[in-house]
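Close look at the chain arrangement
So the chains spell out like this:
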Amino acid sequence: MTKPFDLVVHGATGFTGRLVVEYLLQRYPAGSGLRWAMGGRNADKLAAVRDEVGAPADTPLVVTDTSNPASLQALMDATRLVLTTVGPYQLYGNELVAACAKAGVDYVDLCGEPAWMRQMIDAHEAAAKASGARIVFSCGFDSIPFDLGVFLLQKEFRHRFGHPAPRVRGRVRKMKGTFSGGTAASLKATMAAAASQPGVLDLLKNPFSLTPGFEGPRQPSGNKPMVDEALGDGVWVAPFVMAAINTRNVHRSNFLLQHAYGTDFVYDEMLITGPGEKGEAIANAVAGDKSLGSDKGPKPGEGPSREERENGFYDVLFLGTDDAGHTLRVGVKGDRDPGYGSTSKMITEAAVCLLQEATETPGGIWTTAPAMGDRLIARLQANAGLSFAVEST
């Protein structure tokens, strides 16, 4: 408690960072017991954003220029945890992760860049374990609802049937909202890295890219529209744009949980488009949509209006099955658009959970399920507009 802050929001002047600050003001205002500060590269811009979002004039501002070693060290000395919304992380995150891992400072981000995450695991996990830093990637829509949805399903499946579900399907039933400009920028940066750096493409293709030393069974590719027999009634499913990151994080969670889901665990994610010819047509349209990687999508710093964010939502089904015919369904729902409104609440609650409740989680590079598990589920349900529910057997 010798440091002045529990949490610094790095990137508070960006679109998502600003939403995080607004949520902190609402949920954790001065006097709540959480000592937080707004961080960014430009002090004048920080002050302007502080005034624009209606934060008190005495809200602490910290200049966080992660490309400047002195500024980075000052940040490490000032806070217990850094919450960063500044992506693509492969362009702007290297020095920050290295510094946190070395200094024993906790770290949460919104990363959806699996090849970079593997590079960070290889480079910094030993230092994080030694220093006690808990580095937790992917604390937004990718991949919290999916990581914790599978975690809850497996816990319940074991409780009911005595063993984990060897097969789990993640199926997005409904979703309204746009993906963030940061997601689009991360995808472009990843594609550029795959074209220029040897080994990146192999990491991107490998479902077990985040489980060093472990390769599980063959996984479904999920890259073509199909009728999903498990859903019945000739229901069509289409490729889901976040599957490439979420599935990797779910397999890492299983790995970090000493294979609590089994070493034979098979998991995929797809988007439900409906039955019959209409479902097939929508599935084909989704599969052919390349707008996220184009120049027409949102730019970093851009995003939907407050009304659009508040009218957004998502609803994801997790279906667990085994060879004996047991089935279990878990639903995870969120009350805001996934990429912004819900994500800004999720990353904040993940940070607070790590600081206040998951205090015994040791240093290392984590995913949300093994680092925080049930405690984060409870926080998200109490504060962040998410629901996690077992739906049927």
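Analysis parameters
- Residues numbered from 1 in each chain as written.
- Predicted model: local features only at pLDDT ≥ 70, side-chain atom pairs only at ≥ 80, totals over all residues.
- Heavy atoms only, no water.
- UniProt positions renumbered as here; feature names shortened; annotations may be inferred.
- Helix = DSSP H or I, 4+ residues; strand = E, 2+ residues; numbered from the N terminus.
- Core = buried A, V, L, I, M, F, W, Y, C linked by side-chain atoms within 4.5 Å.
- Buried < 20%, exposed > 50% of the residue type's maximum accessible area, 1.4 Å probe, protein only.
- Contact = heavy atoms within 4.5 Å.
- Axes fitted to C-alpha atoms, helices over the stretch in contact; angles between N-to-C directions.
- Parallel < 35°, antiparallel > 145°, perpendicular 65-115°, else oblique.
- Left-handed = near helix turned anticlockwise from the far one by under 90°.
- Nonpolar A, V, L, I, M, F, W, Y, C, P; charged D, E, K, R; others polar.

- Going by what an unreviewed UniProt entry lists, the chain is known as Short subunit dehydrogenase-like uncharacterized protein and is assigned to Acidovorax delafieldii.

**Structural notes on the UniProt feature "domain: Saccharopine dehydrogenase NADP binding" (unreviewed entry) in the chain**
- With numbering aligned to this structure, UniProt lists the feature "domain: Saccharopine dehydrogenase NADP binding" (unreviewed entry) at residues 8-136.
- Here residues 8-136 is 50% helix and 18% strand, with 15 Å between the C-alpha atoms at its ends.

**Overview of the nonpolar core**
- Counting residues in hydrophobic clusters, the biggest one holds 97 residues, and the most contacted among them are L7 and F137.
- Contacts of F137, omitting those with residues within four sequence positions, involve V97, Y107, D109, C111, W116, M117, M120, I365 and W366.
- Counting residues in hydrophobic clusters, the runner-up holds six residues, among them A193, A194, V200 and L204.

**Quick look at the side chain of R50**
- Locating R50 in the fold gives a position in helix α2 (residues 43-52).
- Ignoring any residue separated from it by four or fewer positions in sequence, one finds R50 in contact with M38, A55, P56, A57, T59 and L61.

**Overview of the packing of helix α5 (residues 94-103) against helix α6 (residues 114-131)**
- Relative orientation of the contacting elements α5 and α6 amounts to 20°, with a least axis distance of 7 Å. In terms of orientation, α5 and α6 fall into the roughly parallel class. The way α5 lies across α6 gives a crossing that is right-handed. Contact residues: N94, V97, A98, C100, A101, K102 and A103 in α5; W116, M120, H124, A127, A128 and S131 in α6.
- For the contact of α5 with α6, the residue count by class is nine nonpolar, three polar and one charged.

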